[in-house]
Amino acid sequence: MKNKRLISLLLVIVLVVSLIAGCSGGGTTKGGGEGAKNLLFQANGNTPYINLDPSVENSNGVMVLHNTYEMLTYYNYETGKIDPMLAESWSASEDGKSWTFKIKEGVKFHDGTDLNAEAVKKSIDRTMELGLGASFIWDSVESIELIDKYEVKFNLKYPAPIDLIASAAYAAFIISPDAAEKDSDWFNQGNGAGTGPYKIQKAVAGEEVVLEKFDDYWRPWKENQYTSIIMKKVPESSARRQLLEKEEAQISVNFSTTDIEAMKKSDKVQIVQRPLYDTVVGCLNTEKYPLDNVDFRRALSYAFPYEETVNNVLEGQGVQSHGLIPGGLWGHSEDLMQYNFDLDKAKEYLDKSGVKTDGLTIEMTISSGYDEYRNFAQLFQINLKKLGINLEIREMSWDAQWEKAKNPNPKDRQDIFLFIWWPDYPSPISWFEGLVRSEDKIFFNLSYIKNTDLDAKMHEASMLTVTDRDKAEQIMIDMQKEIIDEAYFIHMYDKSATYGISKDLKGFTTNPAYPTVVRYFDLYK
Amino acid sequence: MKKYIFKRIITGIIVLLGVITITFIMARVIPSDPAAKWVGPKATPEQIAMAEKELGLDKPMPVQYANYIRDLLKGNLGRSLRTKQPITQELAAYIPATLEIVIFGFLLAVIIGIPLGIYSAKQKDKMLDHVSRFFSIGSVSLPAFWVALFLQLVFYKKLGLLPLGGRLSLETTIFYNVPDITGMLLLDSLITSNFMIFKDAFIHIILPGITIALYPIGLVARMTRSALLEVLNEDYIASIRSYGVSETKVLWKYALKNTLGPTATVLTLSLGYTLVNTFLIETIFSWPGLGNYVATAVTTLDYPAIIGVTIFSATCYVILNLIADLIIALDPRIRL
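Note that the structure is a prediction, hence the values are computed from the model and not measured.

Overview of the overall build of chain B
Logical step 1: Along chain B, the regular secondary structure elements total 15 helices and zero strands.
Logical step 2: Put simply, chain B has 336 residues, and 51% of those count as buried.
Logical step 3: Long-range pairs, those at least 24 residues apart, make up 70% of the contacts in chain B with a sequence separation of at least 6.
Logical step 4: Of the roughly 16000 Å² that chain B leaves accessible, carbon and sulfur atoms contribute 69%.

Things to note about unusual backbone geometry
Residues and elements named next belong to chain A.
Logical step 1: Each neighbour pair has its own omega, and for tyrosine 289 with proline 290 the value is 0°, a cis peptide bond.
Logical step 2: The backbone phi angle of glutamate 315 is positive, close to 50°, even though this residue is not glycine.
Logical step 3: A residue is classified by how much of its surface remains accessible, and glutamate 315, at 37% relative accessible area, is partly exposed.
Logical step 4: Even without being glycine, threonine 516 reaches a positive phi, approximately 70°.
Logical step 5: Along the chain, threonine 516 turns up in the segment after β17 (489-502).
Logical step 6: Residue class for threonine 516 comes out partly exposed when judged on its relative accessible area of 31%.

Concerning the confidence of the model for chain B
Logical step 1: Here chain B shows a mean pLDDT of 86. Residues at 70 or above account for 99%.
Logical step 2: Interface confidence in the predicted complex, given as ipTM, is 0.70; pTM for the same model is 0.80.

Considering the packing of helix α1 (residues 2-29) of chain B against helix α15 (residues 303-330) of chain B
Between two packed helices, the angle of one axis relative to the other and the distance separating the axes together describe the packing.
Residues and elements named next belong to chain B.
Logical step 1: Taken N-terminus to C-terminus, the directions of α1 and α15 make an angle of 160°; their axes are 10 Å apart at the nearest point. Our classification of the angle between α1 and α15 gives roughly antiparallel. Crossing angle aside, the handedness with which α1 passes α15 is right-handed.
Logical step 2: Within the contact of α1 with α15, the residues separate by chemical class into 17 nonpolar, five polar and three charged.

Description of the interface of chain A and chain B
Logical step 1: Residue-level contacts link 65 residues of chain A with 53 residues of chain B.
Logical step 2: For the pairing of chain A and chain B, the buried interface totals around 5100 Å² over both sides, and the portion due to carbon and sulfur atoms is 62%.
Logical step 3: Counting across the interface, chain A meets chain B through two salt bridges.
Logical step 4: Here arginine 79 of chain B ties to aspartate 185 of chain A by a salt bridge, and the two come within 3.7 Å at their closest N and O atoms.

Quick look at the domain arrangement of chain A
All names here are of chain A.
Logical step 1: By domain assignment, chain A separates into domain 1 (2-64 + 196-268 + 503-522), domain 2 (73-165) and domain 3 (276-496).
Logical step 2: Counting residues at the interface gives 16 residues for domain 1, matched by 19 residues for domain 2.
Logical step 3: Three residues, Ser55, Trp218 and Arg519, lead the burial of domain 1 against domain 2; their summed loss comes to 37% of the area buried on that side.
Logical step 4: The tally of links between domain 1 and domain 2 comes to one salt bridge.
Logical step 5: Put simply, aspartate 53 and arginine 126 hold a salt bridge, and the shortest N to O gap is 2.7 Å.
Logical step 6: One can count eight residue pairs in polar contact (both at pLDDT 80 or more) joining domain 1 with domain 2.
Logical step 7: Classifying every residue of the side of domain 1 that touches domain 2 by side-chain character gives seven nonpolar, five polar and four charged.

As for the domain arrangement of chain B
Residue and element names in this part refer to chain B.
Logical step 1: When its domains are assigned, chain B resolves into domain 1 (19-73) and domain 2 (91-335).
Logical step 2: For domain 1 and domain 2, the distance between their C-alpha centroids amounts to 38 Å.
Logical step 3: Each side of the interface is counted separately: domain 1 has 14 residues, and domain 2 has seven residues.
Logical step 4: For the domain 1 and domain 2 pair, buried surface summed over both sides reaches about 870 Å², with 78% attributable to carbon and sulfur atoms.
Logical step 5: Area buried by domain 1 at its contact with domain 2 is led by Thr23, Lys37 and Tyr68, which between them contribute 38% of it.
Logical step 6: Counting across the domain 1 and domain 2 interface gives zero salt bridges.
Logical step 7: Seen at the junction of domain 1 and domain 2, the total is zero residue pairs in polar contact (both at pLDDT 80 or more).
Logical step 8: The element best represented in the side of domain 1 that touches domain 2 is α1, accounting for six residues.

Here's the deal with the packing of aromatic side chains
Logical step 1: What the rule picks out here adds up to 37 aromatic pairs over all chains.
Logical step 2: Their ring planes at 25° and their centres at 5.6 Å tell us that tryptophan 398 of chain A and tryptophan 402 of chain A sit as a pair that is stacked. Within this pair, tryptophan 398 of chain A and its partner tryptophan 402 of chain A are both found in helix α12 (residues 398-405), separated by four residues, close to a single helical turn.
Logical step 3: Using a relative accessible area of 30% as the deciding quantity, one classes tryptophan 398 of chain A as partly exposed.
Logical step 4: Between the aromatic rings of phenylalanine 24 of chain B and tyrosine 65 of chain B, the centroid separation amounts to 5.2 Å while the plane-to-plane angle is 65°, which identifies the pairing as edge-to-face. Within this pair, whereas phenylalanine 24 of chain B is found in helix α1, its partner tyrosine 65 of chain B is found in helix α4 (residues 61-73), the two being separated by 41 residues in sequence.
Logical step 5: Note on phenylalanine 24 of chain B: relative accessible area 1%, which makes it buried.
Logical step 6: Overall, tyrosine 65 of chain B belongs to the partly exposed group, its relative accessible area being 23%.
Logical step 7: In this structure an aromatic cluster arises from ring pairing among Phe304, Tyr306, Tyr370, Tyr373, Phe376, Phe380 and Tyr493 of chain A.
Logical step 8: In this structure, arginine 240 of chain A packs its charged tip against the face of phenylalanine 255 of chain A, placed 5.6 Å from the ring centre.
Logical step 9: Here the basic side chain of lysine 246 of chain A rests over the ring of tyrosine 156 of chain B, its NZ or CZ set 5.2 Å away from the ring centre.

As for the sheet that holds strand β6 (residues 141-148) of chain A
Residue and element names in this part refer to chain A.
Logical step 1: One open sheet holds the four strands; their spatial order is β4-β5-β7-β6, and the pairing between them is antiparallel. In this open sheet, the two edge strands, each paired with only one partner strand, are β4 (87-92) and β6. For this sheet, the mean inter-axis angle between neighbouring strands, taken without regard to orientation, is 20°.
Logical step 2: Examined bridge by bridge, β6 and strand β7 (residues 151-156) share six bridges and lie antiparallel to one another. Following the sheet pairing, leucine 146 is matched in β7 by valine 152.
Logical step 3: Against the sheet, helix α3 (residues 117-130) touches β5 (98-103), β6 and β7, its axis set at about 165° to β6.

Quick word on a nonpolar patch on the surface
Residues and elements named next belong to chain B.
Logical step 1: A cluster of nonpolar residues, Leu142, Phe145, Trp146, Leu149, Phe150 and Leu280, forms a patch on the protein surface that exposes about 550 Å² of accessible area.
Logical step 2: For the nonpolar patch, the element with the most residues is helix α7 (residues 144-158), which contributes four residues.
Logical step 3: Relative to the helices and strands, phenylalanine 145 resides in helix α7.

Thoughts on the environment of threonine 258 of chain A
Residues and elements named next belong to chain A.
Logical step 1: With respect to the helices and strands, the residue threonine 258 is situated in helix α7 (residues 257-264).
Logical step 2: Using a relative accessible area of 60% as the deciding quantity, one classes threonine 258 as exposed.
Logical step 3: Each C-alpha atom of the pair threonine 258 and serine 238 lies 8.9 Å from the other, and the pair is 20 residues apart in sequence.

Re the confidence of the model for chain A
Logical step 1: Chain-level pLDDT for chain A is 90 on average; 93% of the residues reach the 70-or-more range.
Logical step 2: Within the model, pLDDT remains below 50 along residues 15-35 of chain A, and this stretch shows 27 contacts once partners closer than five positions in the same chain are excluded.

Description of the side chain of serine 427 of chain A
Logical step 1: Positionally, serine 427 of chain A belongs in the loop between β16 (416-421) and α13 (429-436).
Logical step 2: The contact partners of serine 427 of chain A, leaving out residues within four places of it in the chain, are Leu164, Leu329 and Trp330 of chain A.

Some thoughts on the pattern of salt bridges
Logical step 1: Scanning the entire structure with this criterion turns up 37 salt bridges over all chains.
Logical step 2: Salt-bridge contacts for lysine 121 of chain A lead to aspartate 125 of chain A; the nearest nitrogen and oxygen are separated by 3.0 Å. Pair noted here: lysine 121 of chain A and aspartate 125 of chain A are both in helix α3, with a separation of four residues, about one helical turn.
Logical step 3: With relative accessibility at 25%, the residue lysine 121 of chain A sits in the partly exposed group.
Logical step 4: Here lysine 232 of chain A makes a salt bridge to glutamate 208 of chain A, at a shortest N to O gap of 3.2 Å. Remark: glutamate 208 of chain A occurs in strand β9 (residues 208-213) and lysine 232 of chain A occurs in strand β10 (residues 228-233); sequence separation between them is 24 residues. Side by side, lysine 232 of chain A and glutamate 208 of chain A carry an identical accessibility label, which is buried.
Logical step 5: Through salt bridges that share partners, Lys124, Asp125, Asp129, Arg133 and Arg225 of chain B make up one connected network.

What counts and how
- Residues numbered from 1 in each chain as written.
- Chains lettered and ligands numbered in written order.
- Predicted model: local features only at pLDDT ≥ 70, side-chain atom pairs only at ≥ 80, totals over all residues.
- Heavy atoms only, no water.
- Helix = DSSP H or I, 4+ residues; strand = E, 2+ residues; numbered from the N terminus.
- Buried < 20%, exposed > 50% of the residue type's maximum accessible area, 1.4 Å probe, protein only.
- Contact = heavy atoms within 4.5 Å.
- Areas by Shrake-Rupley, 256 points an atom, 1.4 Å probe, with all protein chains shown as cover.
- pLDDT = per-residue confidence, 0-100.
- Axes fitted to C-alpha atoms, helices over the stretch in contact; angles between N-to-C directions.
- Parallel < 35°, antiparallel > 145°, perpendicular 65-115°, else oblique.
- Left-handed = near helix turned anticlockwise from the far one by under 90°.
- Nonpolar A, V, L, I, M, F, W, Y, C, P; charged D, E, K, R; others polar.
- Buried area = accessible area lost by both parts, 1.4 Å probe.
- Salt bridge = Lys/Arg side-chain N within 4 Å of Asp/Glu carboxyl O.
- Domains from an automatic or database assignment.
- Polar contact = N/O pair within 3.5 Å; in protein donor to acceptor, adjacent residues only side chain to side chain.
- Phe/Tyr/Trp six-rings, centres within 6.5 Å; stacked < 30°, edge-to-face > 60°.
- Lys NZ or Arg CZ within 6 Å of the ring centre and 35° of its normal.
- Pairing = 2+ DSSP bridges.
- Patch = residues over 30% accessible without salt bridge, like charges linked within 9 Å, V, L, I, M, F, W, Y side chains within 5 Å.

This is the structure in C-alpha cells:
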C-alpha cells in the first residue's frame, strides 16, 4: 500500500509542477499589463553599482547615479564644449583661481527641497571631506563661497578648469542638503535625493536597481518615454543575448564575439558601437635593458599587430590609437604619427639598436581574465619570434601585476605592462599626469619616464587649460609627438563598447565622458 | 555518546580555526593591495596611505590576525573592500537565495532519488532498473554547467516555457511588494499567502533547482539501490521470506529500514557538495546567491568577503559531517 501512496504523491507533485509551469510560461516571457508598457530592462554583465553614495562611487554605479543625480555642467563630446546642466552660466577670473556659477532656479530635488547655491556648496564640501572615490578631482578647491541664493563661488589654490571638473563622471553630483547630512550606509539602503529624471525605487546590492520616473523633474516628460527602468546583473553573455532576442531586455552591453555575430542575424536586435575614452597601451620599461634603448622600443612598436588586433581580435570593437588621447576628446589629433605593423622596419630599428637577440626574452604582464588581451599578446609573441625575441606573456591579477611593476629594482619589473587608462574628468591632462609625469615613488607611470622637459610642458598645458584651452591643446599634441617619437608606449587601441539594443528603442546614445552610462530620459519608443 | 559528540564538536572547531588561519594567511600572501582596493581605481597615493591606516593594514601581520579573530568572535567579519558593506550583512542578503535552491534540490533528491533507488532494486536487472541506472549514472557524470545551459536552451529558447534566470520576473520585481521575512521567496510568499509571487518564484527555481538536484538524485538512487540489494541478500531477509511474508512487506518493513543509514549519510554529504556546486549554477542562472557573490569577490580579490564565504561553507561542511556521523551513530549496531 505504502508504495502506491508514494507513487500517487509523486504523480501529484509532477502534475502540480507541470501545471504551474505550463500556465504561467506565457505570462513571464511577455510584458504583462498596463504598468509594464513603459518599462525598460537593461541586462548588465556586471553589478549595476557598488556604492550608491554619489560622493563615493567610483565604478559602475554612475550608470545609476547619472539618471538620478545631475552635475553643474555636462561635457558634450560631439561639440567638445561644456553644456550647462544645473548651472545656468559660469565665469572664471583672469588668473583662473576663482570661478562663479549661476545656479538654475526652479529645480527640485527628489525630497521636495529646492536646488540653490547652498545645496551645491554642501554637496561638493561633502565629497571633499569624505575624501573617497574620485574626490581628488576637487584638489584645487580651497573653499566654496555663497554669493547669493543662486550664485556660488569656488576659490582655488591653483588655477584649474572647474567647469570641466564639475562635469566629471564621478564625484561631481549635486545632492539635496538633507541627504548630504547622511552617511554612505543610508544611500546604500536605496535612499537618496538628487535632481535627476529618475528616483531609486529599489536597490539590491550587487544585483539590481529599479528606477521610477520623478514627476517633478525640471524638464518636461513626454508620453513615449520610459517611466520604469530595471538594471539587473545577468553575468552570462549568452543569457543577455537571449533576453534581447526574446525582447525581454531592451539594452545590454559586453558580449562575446560569438554572441555579437549571432545577434547581427536577429531581426529583434541591433548592434551599436559606441566610442569610449578607454585607451589600451603597453608601457615600455625605459629603465631596464634592452627597453632603455629607444630604437629597441621603436622596433617593438613596429612589431605590434595593430590591424589584426582591431579587426580579428576585437572584431571591430576598437580603433588603433593616434597617440595617447582617444578620438572624440580634445587633445586628440589624427595627424599624429602611428606606428604600423611592419616587420622590415622593426628589423631595421632592431639592428640600429645594436641589441643582440640571441635567446633574448622579454616579459609582458597582462590582467588575467580578458580573452582579448591574451589573444593579441599571442599575435605579438609570434611577430617578435620572427625577430628572434621571445615574448613571455604573464597573466596575473591586477594587484600582482601592479605590485611587480612597483618593485624598487627595475630588473625585477616587467618589460611591458599592459595598461588601460581613462580620464577622471573630460580632460586629456589626465593621461599625461597619470602615465607620463615623473614620479619619486612609482605609482601609475609604469614606463618609468623621467623627462623634465615633458614635466614642464605638462605644467604649462595644465595651467592653460583654464585660460587658453586652444593653446593647451596644441602643447598636448606637441607632447604626444615627443612621446610617440620616444616610443615610451605601444599605443595599441582606443576601446569602444558594443551595445545590443532592441530595434524598437529610439534615441539611444552614449557619451564616452560618462562610461557605462545610458541616459534613460533620452530614450523613447 | 555525549563524549563522542563533544569530541566531534571540538575537532570541528579546530578544523574551522585551521581553515580561517590558512585563508587569512593566503589572502595576505597573494600579492594584493587591499588599501588601494578600498579607495577604488585611480586613487591617489595619499588616499591609499590613509586607507591603509583606516583598515589597520599598517600593523604587523600577527596583530592583524589577532584583531581579525577578536572581531570574528564578536560576529564581525569586517567590511568588503569592494562594496565597503559589512560582510555579515552581505552574507545575510545572499545566503537565503542559496539555501533556498539547495533545500529545493535536496527535497527533489529525497522525493525522486530514494523511490528511484527502491524501484530499481526491486526490479533488479529488468527494464526499469536499467533505465534508472542509466539515469543515475548520467546525472552524476554530466557536468552541471552543461545541464544548466542545455535546460536553458530547451525550456527558455526553444519551448519558451520557463524563464532564463533570476528569482522573479521583472513585473513582479517592479509592481509588487515582495515579502522579505526569511529571504527565501518560496517560503516567504507562502507565509504571507501571496500565491502570485509564490508561483512566479516557483517557475524561476525549477531549472536551477533541477540542475542542482541531478547529482544528489543520481547518487542517492544508486546508494539506495546497492544498499537495498545488499540487505535483501542477508540471511534474516531469507528467513522472513521463508515465513511467507509478502515481498512488498519484506521490502518496505524489513529491508528498507536498514538501508536508511547509508542513504541518509550520502544525502547529508551531498548537501555539502550541492552547496559548492550551486556557486557555478548561480552564475549561469543569474541567481543572486552566495555563488554569484563569491565569484565577484574572488575576481576582485576582496579577501574579507572570500574569508567570510569560506568560513560559512566550512561551517556548513563541519555541521553536515557531524550530522552524518550522528546518523551513523544512531544505528544501535554501531558502538562508539
